[in-house]
Amino acid sequence: TQGPAQQLRPRVEALASRIIDDVIERGACDFVADVAGELPSYVIAELVGIPLDDGRKLYQLTETIHTADSALPPGAKLAASTQMFQYASGVYRDKLAHRGPDLASQIIHAEMDGNRLDEIDFQLFFMLLIDAGGDTTRNLVAGGLHLLMQHPETLAELRSNPALVPKARDELLRLVSPVIYMRRTASVDTELGGQRIRAGDKVVRYFGAANHDERKFADPERLDIHRAAGAHIAFGAGTHVCLGQHIARVEIDCMLHEVLTRLHAIELDGEPEWLPSNFISGIRRMPIR
């Protein structure tokens, strides 16, 4: 929830500052791997109670899992998922025997009506936490900076007034929309937009399409960091709204603030490379200097 997420802010701010310290000293980096991906990997590793280096390796597995099959060697996605589940099994056994203050321990030892999650349930829960806890935030920060660099006047405004970062974050979430779609199953017969939907039908919603709906947003293709906050659905809505949205906002705000206030002469050092995926919209590599 929002309260616990805000309690993490000082720690996230410190981590973001340390990451930018390293980038400034080096003078150049791959912004995705070294900045946008480093912070969420570190935060989720700390929350779950695993080493940072393991968080980085799991981040690489999620990238493979989200890549389109046509862009991977045969069996690569299955191998990555298997490695993720094997690692989750090790975490399950370790936290079951040695309970700690971390989130993984809380999930494993939690009970409802006397029942606990079994190992397979935890494997699936763990994959969700690692998957959603890193990939989407990483893609928003990288894709958002790329978009801001294409709008130097907005970039300059944010640098002169960092208090606008939360509004900018919402607008970047709307335009970048890191998750492309989600599919659900209709539980009852209904009608939506003149289309008849029967119980059991598969229904796909495309977040980018909704976030560019001209009936909802005036001039939807325009980057406008002064739009009314919260109108986008990049985090989903209703029962299936993003579980980690409050932590994501803290991470995004802290990292954008560090980038905007401390990297004053940032520019691309090569063309960004986009992840070939039909599920996640994100930049895989973006060299900067």
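Higher on the page you've got the structure.
Small disclaimer: the values here were computed from a predicted structure and weren't measured.

A. Representation of unusual backbone geometry within the structure. At Asp113, a position not held by glycine, the phi torsion is positive, near 55°. Along the chain, Asp113 turns up in the loop between α7 (103-109) and α8 (119-149). Accessibility expressed as a relative area gives 77% for Asp113, which makes it exposed. A positive phi angle, close to 50°, is found at Asp219, a residue other than glycine.

B. Representation of the nonpolar core. Among the nonpolar cores identified, the biggest contains 49 residues, and Phe31, Val35, Leu39 and Met255 are the most heavily contacted of them. Take this core: its biggest share by element is eight residues, from helix α12 (residues 245-262). With near-sequence residues (within four places) excluded, Val35 lies in contact with Ile19, Ile20, Val23, Cys29, Asp30 and Met255. Core analysis: the second largest hydrophobic core is formed by 20 residues, Leu61, Ile107, Phe126 and Leu129 among them.

C. Just the side chain of Gln123, in detail. Its location among the elements puts Gln123 in helix α8. Owing to a relative accessible area of 14%, Gln123 belongs among the buried residues under this scheme. Of note is the side chain of Gln123, whose polar atom sits 2.6 Å from the side chain of Ser89. Apart from residues no more than four positions distant in its own chain, Gln123 is found in contact with Phe85, Ala88 and Ser89.

D. The packing of aromatic side chains, seen in detail. Going through the model one piece at a time under the given rule, you end up with five aromatic pairs. With a centroid separation of 6.0 Å and 35° between ring planes, the pair formed by Tyr87 and Phe126 is classed as tilted. Linking Tyr87 in helix α6 (residues 76-97) with Phe126 in helix α8, this pair joins segments that are 39 residues apart in sequence. Looking at Tyr87, the relative accessible area reads 23%, which means it is partly exposed. Overall, the relative accessible area of 0% leaves Phe126 in the buried class. Taken together, a centroid distance of 5.9 Å and an interplanar angle of 45° make the contact between Tyr181 and Tyr206 tilted. Placement of Tyr181 in strand β2 (residues 181-185) and of Tyr206 in strand β5 (residues 202-206) is noted, with a sequence separation of 25 residues between them. Among the aromatic side chains, those forming a connected cluster through ring pairs are Tyr87, Tyr92, Phe122 and Phe126. Taking the ring centre of Phe217 as reference, the NZ or CZ of Arg174 above it sits at 4.9 Å.

E. Seen up close, helix α4 (residues 38-48). In terms of burial, α4 is largely enclosed, as nine of its eleven residues are buried. When we look at burial in α4, the residues that qualify are Glu38, Leu39, Pro40, Ser41, Tyr42, Val43, Ile44, Ala45 and Val48. Immediately downstream of α4, the backbone of Gly49 shows phi near 85°, a positive value.

F. Quick look at the environment of Asp269. Looking at the secondary structure, you find Asp269 in the loop between α12 and β6 (273-274). Taking relative accessible area as the criterion, Asp269 reaches 37% and is therefore assigned partly exposed. Put simply, Asp269 and Ala28 are 241 residues apart on the chain and 8.1 Å apart in space, counted from C-alpha to C-alpha. Apart from residues lying up to four places away in sequence, Asp269 is in contact with Pro287, Ile288 and Arg289.

G. How the structure looks around the state of the cysteines. Under the definition given, this model contains zero disulfides. Unpaired in terms of disulfides, Cys29 finds its nearest cysteine sulfur in Cys254, a separation of 18 Å. Cysteine Cys242 is unpaired, with the sulfur of Cys254 as its nearest cysteine sulfur at 17 Å.

Rules and cut-offs
- Every chain's residues receive numbers from 1 upward, in the order its sequence appears when written.
- For a predicted model such as this one, the threshold for reporting local features is a pLDDT of at least 70, and the threshold for listing and counting side-chain atom pairs is 80 or more; totals across whole chains, interfaces and linings nevertheless cover every residue.
- Heavy atoms from the whole structure form the basis of all side-chain values; hydrogens and water molecules are not counted.
- A helix here means a DSSP run of H or I that spans at least four residues, while a strand means a run of E at least two residues long, and both kinds are numbered starting from the N terminus.
- Three labels apply to residues, based on accessible area from a 1.4 Å probe with only protein chains included: buried if under 20% of the type maximum, exposed if over 50%, partly exposed otherwise in between.
- Residues belong to one nonpolar core when they are buried, are Ala, Val, Leu, Ile, Met, Phe, Trp, Tyr or Cys, and are joined through side-chain atoms within 4.5 Å.
- In this analysis, two residues are considered to be in contact whenever any of their non-hydrogen atoms come within 4.5 Å of each other.
- N or O atoms closer than or at 3.5 Å make up a polar contact, with two conditions inside protein: a donor-capable atom paired with an acceptor-capable one, and, for residues adjacent in sequence, both atoms drawn from side chains.
- Any pair of Phe, Tyr and Trp rings, taking the six-membered ring for Trp, is counted once the centres come within 6.5 Å. Such a pair is stacked with planes under 30 degrees apart, edge-to-face with planes over 60 apart, and tilted for the rest.
- Counting as a charge over the ring demands two things of the Lys NZ or Arg CZ atom: a distance within 6 Å of the ring centre and an angle within 35 degrees of the ring normal.
- Two cysteine sulfur atoms form a disulfide, by the criterion used here, when they sit within 2.5 Å.

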